[in-house]
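The lines below spell out each chain.
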Amino acid sequence: MAAPRTLFDKIWDSHVVERLPDGTAILYIDRHLIHEVTSPQAFEGLRAAGRRVRRPEATLAVADHNVPTSDRRSGIAEAESRIQVETLERNVADFGVPYVPLLDPRQGIVHIIGPELGASLPGMTIVCGDSHTSTHGALGALAFGIGTSEVEHVLATQTLLQKPAKNMLVRIDGRPGPGVTAKDMILAVIGRIGTAGGTGHVIEYAGAAVRALDMAGRMTMCNMSIEAGARAGLVAPDETTFAWIEGRPFAPKGEDFARARSYWQTLPSDPGAAYDREVVLDAAALAPMVSWGTSPEAVVPITGSVPDPALEPDPARRAQMERMLAYMALTPGQKLAGTPVDVVFIGSCTNGRIEDLRAAAAVLDGRRIAPGVRGLVVPGSGLVKRAAEAEGLDEIFRAAGFEWREAGCSMCLGMNEDKLRPGQRCAATSNRNFEGRQGPGGRTHLLSPAMAAAAAVAGRLADVRELA
Amino acid sequence: MQPFTTLSAIAAPLPMANVDTDKIIPARFLKTIARTGLGKHLFAALRYDEAGAERGDFVLNREPWRHAGILIAHENFGCGSSREHAPWALLDFGIRCVIAPDFADIFFNNCFKNGILPIALPRAVCDALMEDARLGANARLTVDLARQVVVRPNGEEIGFAVDPFRKHLLLNGLDDIGQTLEHQAAIDAFEAARSGAVTVPPLPQP
């Protein structure tokens, strides 16, 4: 009998075109998602070499990183951003690549729309020139971010040269208490294993708490695998997955769906499959999490305090903590709860799905944002925006004093005009709190949508469980 | 791609861990559609003040390190975003080798595609090389890829590991797309075998 294999092993094995003598594999890529920021140089390379796109029908393009989230009907005012989107439009036209235009209601963040349209499916290999491609692993697909040279490689060959990753299992047992979400679980995982803890690995998330998550929650978890150093995260596909996929526009239909589903059911890791590393957490022991530093591993429960560098024995780590505290303008021992915020950002490929907006709106319903605080809601896609409007969530956000914007990456990475000003402090549902990430000098606290809404109401970081 | 054979250069010490690619080049400089000209934005927030003037205390603004060809840093170098603009900015500045205890996976890959050699060495060795680097112009490091050694100013040689396939591509300046296309028949056969699979439906023009 064959040795038991993990979900990763199975997807990997079924996509190896050829194994080169040194162990490098030519890995076949089923889906290639492209956007305006990391693709122009790849198409330029194709043109220079006289190469074509090998499989346009396996490729899907959308502009998301660098697009305005204000009214876009009159075009993009900023010249460089406009040129980048126009370049994408010319490239997809020249090479015959399917494209979701900026004014199409289905436009949105590439990692939101891939699953939403049914373009991302279990068992696939999916790549994109963006590190948060790990998101799609929530469907049980092997999905990871690549650089622009690799984007060009996939466009030209529909393959990548890869060495197999190691397997890591993150098992989250038990049941999370009220106010504890997928975002809190993944922040706790990153806090535990560190930002390099998953380097060289693919993380498979398992356990009762993961199994109980809806697809949005699973995507939030897989999305931030890269913040733990892992290029890909995975959740085994199950009934929750299949029910979520069925009926999506690009997913198989009817008989085809039934056949696909029986294949997908073979994907979960075999009993007894070996992992190179295993980490176990208890969901019941978690509280809502918030980051205090400029690395996603610098997190504490909202009930906790800013750690004291003086207690850190390693001098390099101590210096790093001191630098983070100086940048964040926090003092050792200070309680995180009660820290005043200037901006609240709800959106991103981490937390820009309809479920995330519902969670935030539930907290904001009948409440007002604190005076002086700017609140932005940036839906992950046009379809998310429409769904939210159909449910009246936009009215709740507007009545609370939030801006209700068009879909895009927005203030997650501060590439378009949605930026923090120097010194501003932001409660953000996004994924990175690096120095200057949301704008030069901006200070980011990562947290869940419900916690972001609580911060908006209180005007300071607050425990959503204590909001009366 | 320019081949990488031996590099004898000034090394700049950057004693920081978790240097993320947003720090190497912030997102606001990714609006270009070119690969070149990004060197001026390398480490923008560390290199320039709010008014855009050089910060005199940052290593790459000081002689002789503003001519550095090697960068030495601490753990988890290149974490975060997959932006290849990070190695493009390093290359455009003149850095062709980064030495650190370990690297984030995507950045590590991206380096090789651009003729930059990332070398992982134990922290204690990195710290010793960093001491060499602090000596400046009189202490050039030499990286010999064929022999897989870093030569310290005192002549001591430190061996390093590198993937043989990547070494071959770097030494010869080979484009890996060209290499893969030599296996086109295998890719054709793989595709033919799974054409019509319901699990990978082709995407229509939306």
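In short, a report on the structure. (Residues numbered from 1 in each chain as written. Chains lettered and ligands numbered in written order. Predicted model: local features only at pLDDT ≥ 70, side-chain atom pairs only at ≥ 80, totals over all residues. Heavy atoms only, no water.)

As for the overall build of chain A
(1) Moving on: In terms of helices and strands, chain A carries 16 helices and 19 strands.
(2) Moving on: For 468 residues, the compact-globule estimate of 2.2 N^0.38 gives 23 Å, and chain A sits close to it at 21 Å.
(3) Moving on: Its C-alpha atoms give chain A principal-axis dimensions of roughly 55 × 55 × 45 Å.
(4) Moving on: Evaluated residue by residue, chain A yields a buried proportion of 66% over its 468 residues.
(5) Moving on: Carbon together with sulfur atoms contributes 53% to the accessible area of chain A, which is approximately 14,900 Å² in total.
(6) Moving on: Of the side-chain charges in chain A, 49 are positive and 54 negative, and the distance between the mean point of each set is 1 Å. (Helix = DSSP H or I, 4+ residues; strand = E, 2+ residues; numbered from the N terminus. Rg over C-alpha atoms; globule rule 2.2 N^0.38 Å. Buried < 20%, exposed > 50% of the residue type's maximum accessible area, 1.4 Å probe, protein only. Areas by Shrake-Rupley, 256 points an atom, 1.4 Å probe, with all protein chains shown as cover. Lys, Arg positive; Asp, Glu negative; His and termini not counted. Charge placed at Lys NZ, Arg CZ, Asp CG, Glu CD.)

Quick look at the sheet that holds strand β5 (residues 117–120) of chain B
Residues and elements named next belong to chain B.
(1) Moving on: The strand order across the open sheet formed by four strands is β2-β3-β4-β5, and the pairing between neighbours is parallel. Of all strands in the sheet, those with a lone pairing partner are β2 (11–14) and β5, marking the two edges. Averaged over all neighbouring strand pairs, the angle between strand axes comes to 20 degrees, with direction disregarded.
(2) Moving on: Here strand β3 (residues 70–73) runs beside strand β4 (residues 97–100); their pairing, made up of three bridges, is parallel. Each bridged residue has a counterpart across the sheet, and for Ile70 the counterpart in β4 is Cys97. (Pairing = 2+ DSSP bridges. Axes fitted to C-alpha atoms, helices over the stretch in contact; angles between N-to-C directions.)

Here we look at the side chain of A:Glu116
All names here are of chain A.
(1) Moving on: Among the structural elements, Glu116 can be located in helix α4 (residues 110–116).
(2) Moving on: Buried and unpaired, Glu116 has no salt bridge, with Arg248 as the nearest side chain of opposite charge at 5.7 Å.
(3) Moving on: Among the polar contacts made by the side chain of Glu116, one reaches the side chain of Ser381 at a distance of 2.9 Å.
(4) Moving on: If sequence neighbours within four positions are ignored, Glu116 has contacts with Trp244, Arg248, Pro249, Ser381, Leu383 and Val384. (Salt bridge = Lys/Arg side-chain N within 4 Å of Asp/Glu carboxyl O. Polar contact = N/O pair within 3.5 Å; in protein donor to acceptor, adjacent residues only side chain to side chain. Contact = heavy atoms within 4.5 Å.)

Notes on the pattern of salt bridges
(1) Moving on: Applying the stated criterion across every chain, the model contains 47 salt bridges over all chains.
(2) Moving on: In this structure, the salt-bridge partner of A:Glu78 is B:Lys31, at a minimum N-O distance of 3.1 Å. One end of the pair, A:Glu78, is in the loop between β4 (59–62) and α3 (79–95); the other, B:Lys31, is in the loop between α1 (21–24) and α2 (44–47), on a second chain.
(3) Moving on: The exposure class of A:Glu78 is partly exposed, given its relative accessible area of 30%.
(4) Moving on: In this structure, the salt-bridge partner of A:Glu435 is B:Lys23, at a minimum N-O distance of 3.8 Å. One end of the pair, A:Glu435, is in the loop between β18 (425–428) and β19 (443–446); the other, B:Lys23, is in helix α1, on a second chain. Like B:Lys23, A:Glu435 is buried.

Quick look at the sheet that holds β4(A)
Residue and element names in this part refer to chain A.
(1) Moving on: Spatial strand order, β5-β4-β3-β6-β7: five strands in an open sheet with parallel pairing. Unpaired on one side and paired on the other, β5 (99–100) and β7 (142–145) mark the two borders of the sheet.
(2) Moving on: Pairing geometry for β4 and β5, over two bridges, is parallel. Across the sheet, residue Ala61 finds its bridge partner in β5, namely Tyr99.

Any functional reading would require information that these geometric values do not contain.
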